[in-house]
Amino acid sequence: MLSNIYIKNFAIIDEIEIDFFENMSVLTGETGAGKSILIDAINVVFGNKQTKKIIRDEKKDTEIICSFEIKKENIIKILEDKDLYVNSQCIFRRKINTKNISKIYINDKPVNLNTAKQIGGMIIDIHGQHENQLILSSDEQRNRLDNFINIDKEKEEIKKILFNINCLEKELSDNNLSESEYEDKISLLDFEVHELQEDVIDSESYDKLSEEFNKLNNSEQLVNNAKECLNIIESDESYNISSQLSQLNKNLEEIRKIDESSNEILNQNVIIMDQVKTLSKMIEKYSDSIDIDPEKLQFINNKILSLNKLARKYKVNERDLSEILNNKNTQIQSLKKNKENFSKNKGEINKLLNKYHKIASTISKTRNEKSRNLEDKITNQLKDLGMNNCQFKISIQTDEDLIHKEGYDKVSFLIKTNEKSKLLPLNEIASGGELSRLSLVIQLETRSNDDCETMIFDEIDTGIGGATAEILGKHLSNLADKTQVLCVTHLAQVAAKSKHHYLVSKDKEISSTTLKYLDNEMRINELARMIGGVKLTDKALQFAKELID
């Protein structure tokens, strides 16, 4: 709800500040007083109007402040999401300096034009000859029809279904693979795993294999070296180690005969002789164990060559091939699981789509059936408001392949305002007054809890009077039971239905617009002026009292 507006140095306004209240308020005054300037100021603060040529005194800054009390949950939520919410208050402020540089603030935080327009459009719906009314939007027209036929539950189900589908499709997108791509990847990995399994061994086994290859590859040299060692120990020649030790032993025995203290040396030599015999047997046994097997050598060589080839292919060391094999087995299991999830998600998406189509079909059928009732209601009410030859029609175009949160249908409101004209979309209507009246009737029939906090009507009474004007005033008053209504009017019958009355006048001395709240007596005088002109007659005053009563 608009609770206060402050305007300084704007158009023909020097400086004004005024409070507004719930229910219905009217702004009246003579032609040229500046009644529509207030609506222009609101449009400027919302970022909906160009700021050029609106500054009254180019040497002074222009400032517009609109204060709102917010109750609608959808507006509170968007303010919270943008970190702009402060205790049910929403204060728009726009300041334009002398260089025509402007900034917009919401609750003292700077915002861009798009944010101001978005939030402003949710708070106030302005219906005037030059404003871009919500009702001209195809989406808004569909929402109006849906409010009338009450399909909130079905639409909420569709939103949940599409949310779940989006989540599942995101999972599929994150995997970035199709079902056939899963098959190809798994098939390739299976081939690689089979290839690796034939040859790959762990690092410890690879070290043993390398040792065995080295031994087989040098077996002849090992045998020759072992034989040479045996010759050094036991050859028939006198210089072999065994002979030398025997000769040493004889000499030590002779020494002991003379000097028994050398006995320990003799014993040590005996031990060495025994050790040499043992060493000789070990070398002989080792020599016999050496396997000279060309076929086995060739087999191991081929095995190592295969491992070398695999290591080059996968760009790792031969000892790391077992880890590559393990990783590929893990990848296969992961892909198979993802493929299973892929199939499961695709199946779940298909189930959700079937459910969506069932609900969307029901919604479309309901829209087509019940739209006729709304057409008749609106057409009849427009006739009551002086649009006697008017026909209102709702066009529904259905695309059963469309996947959308609103279902299959595109809804368009069509109207013809006289018998000779054709049914045309609302945005092709020439008269702002007719469009405002049409919007008023639509709002009365289709209003929901998420609609704007405030509605402003300008030039809604163009071309009507008498009983029709009184009906219009009643409609506005009825609408004001559900939302705050501000109406700029020239008709006393409309103004009399309001709870609050403001007089817009122009101070001729300073050529500036002023705004004044009228009490009961001043209100009667203003209504009498609207009825009878400048001179207030007794009859005009009496009629004004009767209108209020």
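All values derive from a computational prediction rather than experimental measurement. Just so you know, the residues in each chain are numbered from 1, in the order the chain's sequence is written. For a predicted model such as this one, the threshold for reporting local features is a pLDDT of at least 70, and the threshold for listing and counting side-chain atom pairs is 80 or more; totals across whole chains, interfaces and linings nevertheless cover every residue. Values reported for side chains reflect all heavy atoms of the structure, with hydrogen atoms and water molecules removed beforehand.

Draft legend 1. How the structure looks around the overall build of the chain. For the chain, the helix and strand inventory stands at 17 helices and 15 strands. Dimensions along the principal axes, computed over C-alpha positions, put the chain at roughly 170 × 55 × 35 Å. A simple rule labels every residue: compare its accessible area, found with a 1.4 Å probe on the protein chains alone, to the largest value its type can have, and call it buried under 20%, exposed over 50%, or partly exposed in between. Sorting the 549 residues of the chain into buried and exposed places 43% on the buried side. Counting only contacts in the chain whose residues sit at least 6 apart along the sequence, the fraction spanning at least 24 positions is 70%. Here the chain has roughly 30,800 Å² of accessible surface; of this, 46% comes from carbon and sulfur atoms. Counting rule applied: Lys, Arg positive; Asp, Glu negative; His and chain ends not counted. To locate a charge, take NZ of a lysine, CZ of an arginine, CG of an aspartate or CD of a glutamate. Each charge class in the chain can be summarised by its mean position, and for the 78 positive and 93 negative side chains these summaries are 9 Å apart. Counting from the N terminus, the helices are the DSSP runs of H or I reaching at least four residues and the strands are the DSSP runs of E reaching at least two. Only heavy atoms matter for contacts: two residues are in contact if any of them lie within 4.5 Å across the pair. Areas reported as accessible are Shrake-Rupley estimates using a 1.4 Å probe. Residue values count occlusion only from the protein chains shown.

Draft legend 2. Expanded view of a negative patch on the surface. Any residue with relative accessible area above 30% and no salt bridge may belong to a patch, with like charges joined within 9 Å and the nonpolar Val, Leu, Ile, Met, Phe, Trp and Tyr side chains within 5 Å. Just to be clear on terms, a salt bridge is a Lys or Arg side-chain nitrogen sitting within 4 Å of an Asp or Glu carboxyl oxygen. Together, Asp14, Glu15, Glu17 and Asp19 make up a negatively charged patch on the protein surface. Here Glu15 shows up in strand β2 (residues 13-19). Residue classification places Glu15 among the partly exposed positions, given a relative accessible area of 47%.

Draft legend 3. Representation of the sheet that holds strand β8 (residues 124-127). By definition, two strands form a pair when at least two bridges between them are found by DSSP. With mixed pairing, six strands are arranged side by side in an open sheet as β8-β12-β13-β3-β14-β15. Both outer strands of the open sheet, β8 and β15 (512-517), are each paired with one neighbouring strand and no more. This sheet shows a mean twist of 15° between the axes of neighbouring strands, independent of strand direction. The pairing of β8 with strand β12 (residues 454-458) spans four bridges and is classified as parallel. Bridging from a neighbouring strand, Asp125 pairs with Met455 of β12. A fitted line through C-alpha atoms represents every axis, and for helices the fit uses only the stretch in contact; the resulting angles, taken between N-to-C directions, go from 0 to 180 degrees.

Draft legend 4. Main features of the pattern of salt bridges. Per the counting criterion, the structure on display carries 18 salt bridges. One salt bridge in this structure joins Glu254 and Lys257, with 3.6 Å as the shortest N-O distance. Placement of the pair is Glu254 and Lys257 together in helix α9 (residues 241-258), with a separation of three residues, close to one helical turn. Since its relative accessible area comes to 46%, Glu254 is described here as partly exposed.

Draft legend 5. Summary view of the environment of Lys545. By the secondary structure assignment, Lys545 is in helix α17 (residues 538-548). Look at Lys545 and you get partly exposed, because its relative accessible area is 40%. When the C-alpha positions of Lys545 and Asn520 are compared, they lie 9.6 Å apart, and in sequence the two are 25 residues distant.

Draft legend 6. Looking closely at the sheet that holds strand β4 (residues 62-69). In space, the six strands of this open sheet follow the order β2-β1-β4-β5-β6-β7, with antiparallel pairing throughout. Whereas interior strands pair on both sides, the edge strands pair on one side only; in this sheet they are β2 and β7 (109-111). Across the sheet, the axes of successive neighbouring strands diverge by a mean angle of 15°, strand direction being ignored. Relative to β2, strand β1 (residues 2-10) runs antiparallel, the two sharing six bridges. Considered in β2, the bridge of Lys8 is made with Glu15. Each of β1, β2, β4, β5 (89-96) and β6 (102-106) touches helix α1 (residues 35-45); the most contacted strand, β1, lies at about 95° to it.

Draft legend 7. Main features of α1. The buried count for α1 comes to ten of eleven residues, which makes it a mostly enclosed element. Here α1 has its buried residues at Lys35, Ile37, Leu38, Ile39, Asp40, Ala41, Ile42, Asn43, Val44 and Val45. Phi for Gly47, located one or two positions after α1, is positive at around 80°.

Draft legend 8. Broad picture of the nonpolar core. By nonpolar core we mean a set of buried residues, namely Ala, Val, Leu, Ile, Met, Phe, Trp, Tyr and Cys, connected to one another through side-chain atoms within 4.5 Å. Core analysis: the biggest nonpolar cluster contains 86 residues, and Leu438, Phe457 and Leu476 have the highest contact counts within it. Here this core takes 15 residues from helix α12 (residues 321-384), the largest share from any one element. Leave out the neighbours within four places in its chain, and Leu438 touches Ile378, Leu382, Phe392, Ile415, Leu426 and Ile429.

Draft legend 9. Looking closely at helix α7 (residues 203-217). Multiply 1.5 Å by the residue count of a helix minus one, and that product is the helix's expected span. Across its 15 residues, α7 extends 21 Å between first and last C-alpha, which sits within 8% of the 21 Å expected from 1.5 Å per residue. All of the buried residues in α7 are Tyr206, Leu209 and Leu216. For α7, the angular spread of the buried residues around the axis is 90°, confining them to a single face. Away from its buried face by more than 90 degrees, α7 exposes Glu204, Lys208 and Glu211. Contacts from the buried residues of α7 go to α8 (219-234) and α11 (294-314). The directions considered for the arc run from the helix axis to the C-beta atoms.

Draft legend 10. Structural view of the environment of Lys117. Looking at the element boundaries, Lys117 is found in helix α3 (residues 113-123). Residue Lys117 is classed as partly exposed on the basis of its relative accessible area of 37%. Residues Lys117 and Asn43, 74 residues apart in the sequence, show an inter-C-alpha distance of 8.9 Å. Sequence-distant contacts of Lys117, defined by excluding residues within four places in its chain, comprise Phe46, Gly47 and Asn48.

Draft legend 11. Region of the structure containing the pairing of β1. Within β1, eight of the nine residues are buried, leaving the element largely enclosed by the surrounding structure. Bridge count between β1 and β4: six bridges; the pairing is antiparallel. Counted as the bridge partner of Asn4 is Ser67 from β4.

Draft legend 12. Layout of the environment of Ile359. As for its position among the elements, Ile359 is in helix α12. The spacing of Ile359 and Glu157 is 202 residues in sequence and 8.2 Å in space, taken between C-alpha atoms. Setting aside chain neighbours within four positions, we find Ile359 in contact with Glu154, Glu157, Ile158 and Ile161.

Draft legend 13. Examining the packing of aromatic side chains more closely. In summary, the pairing rule links any two rings of Phe, Tyr or Trp, Trp by its six-membered ring, whose centres are within 6.5 Å, and it sorts them by plane angle into stacked for under 30 degrees, edge-to-face for over 60 and tilted for everything else. Per the stated rule, a full pass over the model turns up eight aromatic pairs. Arranged with centres 6.1 Å apart and planes meeting at 85°, the rings of Phe68 and Phe92 form a pair that is edge-to-face. Placement of the pair is Phe68 in strand β4 and Phe92 in strand β5, with a sequence separation of 24 residues. With a relative accessible area of 0%, Phe68 lands in the buried category. Here the aromatic cluster, defined as three or more aromatic residues joined through ring pairs, consists of Phe20, Phe21, Tyr502 and Tyr517. In this analysis the charged atom, NZ for Lys or CZ for Arg, is taken to sit over a ring once it is within 6 Å of the ring centre and within 35 degrees of the ring normal. If you follow Arg93 out to its NZ or CZ, it ends over the ring of Tyr105, 4.3 Å from the centre.

Draft legend 14. Examining the side chain of Ser280 more closely. Topologically, Ser280 is positioned in helix α10 (residues 263-289). Take Ser280: its relative accessible area is 2%, and that puts it in the buried class.

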